[in-house]
Amino acid sequence: MKTPFITLEQALTIRQTYPTPFHIYDERGIRDNARALKAAFAWNPGFKEYFAVKATPTPGILKLLGEEGCGVDCSSLTELMMSERCGFRGQDIMFSSNETPLEEFVMADKLGAVINLDDLTHVDCLKETLGRVPETVCCRFNPGGAFVLGKSDEGFQVMDNPGQAKYGMTRPQLAQAFTKLRELGTKHFGIHAFLASNTLSNEYYPALARILFQTAVEVAEETGCHVAFINLSGGVGIPYRPDQPANDIQVIGEEVRRAYEKILTPAGMDDVAIYTELGRFMLAPYGHLVTTAVHEKHIYKEYIGVDASAANLMRPAIYGAYHHITVLGKENAAQNHQYDVVGSLCENSDKFAIDRMLPKIDKGDVLVIHDTGAHGFSMGYNYNGKLRSAELLLKEDGSVELMRRAETPDDYFATLIW
Ligand SMILES: *Cc1c(COP(=O)(O)O)cnc(C)c1O
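What counts as what
- Residues numbered from 1 in each chain as written.
- Predicted model: local features only at pLDDT ≥ 70, side-chain atom pairs only at ≥ 80, totals over all residues.
- Heavy atoms only, no water.
- Helix = DSSP H or I, 4+ residues; strand = E, 2+ residues; numbered from the N terminus.
- Contact = heavy atoms within 4.5 Å.
- Near = heavy atom within 4 Å.
- Polar contact = N/O pair within 3.5 Å; in protein donor to acceptor, adjacent residues only side chain to side chain.
- Areas by Shrake-Rupley, 256 points an atom, 1.4 Å probe, with all protein chains shown as cover.
- Nonpolar A, V, L, I, M, F, W, Y, C, P; charged D, E, K, R; others polar.
- Axes fitted to C-alpha atoms, helices over the stretch in contact; angles between N-to-C directions.
- Parallel < 35°, antiparallel > 145°, perpendicular 65-115°, else oblique.
- Left-handed = near helix turned anticlockwise from the far one by under 90°.

Moving on to the environment of Met 282. Structurally, the position occupied by Met 282 is in helix H10 (residues 280-283). Between the C-alpha atoms of Met 282 and Ala 55, which are 227 residues apart in sequence, the distance is 9.2 Å. Sequence-distant contacts of Met 282, that is, excluding residues within four places in its chain, are made with Ile 30, Asn 33, Ala 34, Leu 37, Glu 49, Phe 51, Leu 65 and Cys 70.

This is how it looks when you write it as structure tokens:
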């Protein structure tokens, strides 16, 4: 069972000031979770989470995570600019991009960010663009093949296919990049890899860590380079469905520690810092898309039309992703009506739920669409001339703060030449 972090009374009050649809985030939940992550990796003195800005690029959120000791992981020029304006500086910024426009290397370097190179050829790009290479550089590794997690009740489970992914360097290229960078003046190195997305298994990070730790030991030996950190990147998932078990970050941290002590410590590499670049795990459960039922339609199926659309939350339309829905005030009512809950786009994929069993929904009911805190608002778009919604923060004291106002037609028209 998933419980919303706002009640019907709160939603109705908020709706008087900020009309639906809106995204709302739970400060308490975000802070508690960030602290749990930090505690799970407290055994590693250099540990740092670099929040993946692309998941929720909202200053109110970035500042809050900054207060919890997080850095930021940027993928583009505007994310770098936003991070700077939020007060992030130097090595509190990771720049993990790919097919990188050269001006973005310049910006990242100007901020003193750690640059994470996606390809061997980017060593030359960096040298030519900056006239030198930074003292600290990270390289993204792609081990190829299939990434298989062996520990599951159902047997072996293929999680993802790095061999089909556009990211990162091959193993020989990784050593070549290190050697070349060292010759050009780099002193400290990081290794990064992102092998599977939204994993629901405490085994993902430990399995990835074992691969990267072993790789670090070998590459350090081959090249003589100093590996200063290992970046486990993102990919720790959350249970979107109410019957899925959540990851246990304490267990994950412990298992990574065991791998560290087994592989890095005996190699004399016990000064290696662990970094993470989590997005979904940090924010997804602590965001709701709040929307009002505005129409009901009875044709071959039963439809509930809401005032949000795929322009506010794209995941169901593009991935068929499940997002749980709670009808506020009817939490305990019988779920005896089967609905498609749909938005107003002229696009039949604009469905938040298909054949979902819910309580009887009446016009005016307020629906919470769960787990929209990451890759929710940020994937939004303006199709059908739909305007982006507001983003609100439910503060720990129960008050509500506006972090981003809703777009107006003027915003939509602002780039047009008439
Ligand atoms: C998207 C992304 C992340 C965050 O991924 P989550 O699945 O949200 O944890 C981290 N690092 C990089 C390089 C990414 O592209």
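To continue, consider the site of the ligand. In the vicinity of the ligand, 15 residues are found, and the nearest of them are Lys 54, Gly 235, Glu 277, Arg 280 and His 375. Contacts to the ligand include Arg 280, whose backbone N or O atom sits 2.8 Å from an oxygen atom. His 375 places a polar side-chain atom, nitrogen or oxygen, 2.7 Å from an oxygen atom of the ligand. If the ligand stood free it would expose 390 Å²; the protein chains cover 90% of that surface. Class assignment for the residues of the shell around the ligand results in three nonpolar, seven polar and five charged.

Once that is clear, we can look at the side chain of Ser 76. Residue position: Ser 76 is located in the loop between strand E3 (71-74) and helix H4 (77-85). Apart from the residues within four sequence positions on either side, Ser 76 is in contact with Phe 95 and Glu 104.

The geometry of helix H7 (residues 171-184) relative to helix H8 (residues 204-223) is characterised by a closest axis approach of 10 Å and an angle of 50° between their N-to-C directions. Regarding the angle of H7 to H8, the classification is oblique. For the pair H7 and H8, the crossing hand works out as right-handed. Across from Arg 171, Leu 174, Ala 175, Phe 178, Thr 179 and Arg 182 in H7, the residues of H8 making contact are Thr 215, Glu 218, Val 219, Glu 222 and Thr 223.

Structural measurements only, silent on function.
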